[in-house]
Amino acid sequence: MENSAIMADQSIQELESRSLARVASAGSPEELEAVRVEALGRKGALAQISKEMGKLAPEERARIGKLLNSAKQKLEEALESKKRHFAEAALRARLDAEWIDLTLPAPGPRRGHLHPITRIQRELEDLFVSLGFTVLDGPEVETEYHNFDALNIPADHPARDAQDTFWLDGGNLLRTHTSPVQVRGMERLGPPLRMIAPGRTFRNESVDASHEHTFYQLEGMMIDRDVSVGHLIYFMKTMLTGVFQREVTVRLRPGFFPFVEPGFELDIQCLICGGAGCPVCKQSGWVEQLGCGLVHPNVLRMSGIDPEEWNGFAFGLGLTRLAMMRYGIDDIRHLQGGDLRFLEQF
Ligand code: DAH
């Protein structure tokens, strides 16, 4: 045997066993690829040896060629099987990580909850229904007659200035209060009558921390024989105790509303400081809660009710303000700002 043939023999065997050992110990597909390039690549060790083969005698060339082919084949097989091994391990790891329990119930849509104003509104509806009141709904687009005239506020009355309105084409308007539903209730149902009317109201206001152009009120009216301010106070105290879930102290001050006589502003003793004075009650110890009074005879008469036979009380409560007081919200704009991070707290 020629010398160079012996050397080729040896280096093929060495290369084969070294490369197989490296394949066996490779820890990653990258290492495997490095082995492949070094041994089998175009410029790799085996290619180098086969280049040298031209120098050999023909019979040696055939023998070395076979050796070379067999080394190449063994290496390719080893690489292939190790590669498969890595792929399977990667798949197993992924399946383990992505495992889900298909028998678990689906999470379903995210659950919401009622808006704080809606919640107070529903509580008040339940409370008044339990006291024999009917819950009425009225239109948000109102006639001028129902919003003003029928409530004893004629066209030239200065009280109209206090409720700046969004007028619509054709003389209708966005209601500035829920009081027009009193009128609709009297017209439809007649006396005796116990009704409340919660709903959305609108005023042409500049928006700030305590004013919104769109807000919520709850109107109430009771018409019967011999209704007194005593009845009014009883229902108001029952309502406010229900909302705040504790005994509240109320006081009446004279207040002017054209549709009641006498008319009152009802204040509650501040629930934050208990009456001592704080920023919420502006140091006065009292917080204005609602307007109320005994229904003006003109209002009854205009809706076809005889004021000699019937009388009643009415009240209008700011639901938005009530929600702010109950939950300690200091800026009205949060309530309809649409930010769920705020609303989800309630
Ligand atoms: N409608 C009045 C307002 O929005 C509130 C009000 C006051 C309603 C006295 C009444 C009432 O029913 O008797 O300012």
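Residues numbered from 1 in each chain as written. Predicted model: local features only at pLDDT ≥ 70, side-chain atom pairs only at ≥ 80, totals over all residues. Heavy atoms only, no water.

Engineer: Looking at this structure, I do not really get the domain arrangement of the protein chain. What am I missing?
Structural biologist: Frequently, the measure chosen for interface size is the accessible area removed from exposure when the parts meet. On domain assignment, one finds that the protein chain holds domain 1 (2-98) and domain 2 (117-343). Between the C-alpha centres of domain 1 and domain 2 there is a distance of 91 Å. (Domains from an automatic or database assignment.)

Engineer: Please explain the pattern of salt bridges as it appears in this structure.
Structural biologist: One pass over the full model with this rule turns up 20 salt bridges. The partner of Glu33 in a salt bridge is Arg36, with the nearest N and O atoms 2.9 Å apart. Note that Glu33 and Arg36 are positioned in helix H2 (residues 29-40) at a spacing of three residues, about one turn of the helix. Exposure remark for Arg36: the relative accessible area of 33% places this residue in the partly exposed category. When salt bridges that share partners are traced, they join Arg251, Arg253, Asp267 and Glu288 into one network. (Salt bridge = Lys/Arg side-chain N within 4 Å of Asp/Glu carboxyl O. Helix = DSSP H or I, 4+ residues; strand = E, 2+ residues; numbered from the N terminus. Buried < 20%, exposed > 50% of the residue type's maximum accessible area, 1.4 Å probe, protein only.)

Engineer: Explanation requested: helix H5 (residues 116-130) in the structure shown.
Structural biologist: Residue pairs spaced three or four apart in an α-helix point in one direction, given the helix's 3.6 residues per turn. Along its 15 residues, H5 runs 21 Å from first to last C-alpha, staying within 8% of the 21 Å computed at 1.5 Å per residue. All of the buried residues in H5 are Pro116, Ile117, Ile120, Gln121, Leu124, Glu125 and Phe128. Of the residues trailing H5, Gly132 is marked for its positive phi of about 90°. (Expected span 1.5 Å × (residues − 1).)

Engineer: Hey, could you run me through the packing of aromatic side chains in this one?
Structural biologist: Within a pair of aromatic rings, the relevant descriptors are the distance that separates the centres and the angle that separates the planes. Across all of its chains, the model carries eight aromatic pairs by this definition. Among the aromatic side chains, those forming a connected cluster through ring pairs are Phe128, Phe133, Tyr234, Phe235, Phe313 and Phe315. The lysine or arginine in question, Arg225, covers the ring of Trp310, its NZ or CZ lying 4.2 Å from the ring centre. (Phe/Tyr/Trp six-rings, centres within 6.5 Å; stacked < 30°, edge-to-face > 60°. Lys NZ or Arg CZ within 6 Å of the ring centre and 35° of its normal.)

Engineer: How do you make sense of the packing of H5 against helix H8 (residues 229-244) when you look at a structure like this?
Structural biologist: The description of two packed helices rests on the angle between their axes and on the distance between the axes. Where H5 meets H8, the axes come as close as 10 Å, and the angle between the chain directions of the two elements is 140°. Put simply, H5 runs oblique to H8. Classified by chirality, the crossing of H8 by H5 is right-handed. In this structure, H5 uses Leu124, Leu127 and Phe128 to contact H8, whose residues at the interface are Thr238, Met239, Gly242 and Val243. (Axes fitted to C-alpha atoms, helices over the stretch in contact; angles between N-to-C directions. Parallel < 35°, antiparallel > 145°, perpendicular 65-115°, else oblique. Left-handed = near helix turned anticlockwise from the far one by under 90°. Contact = heavy atoms within 4.5 Å.)

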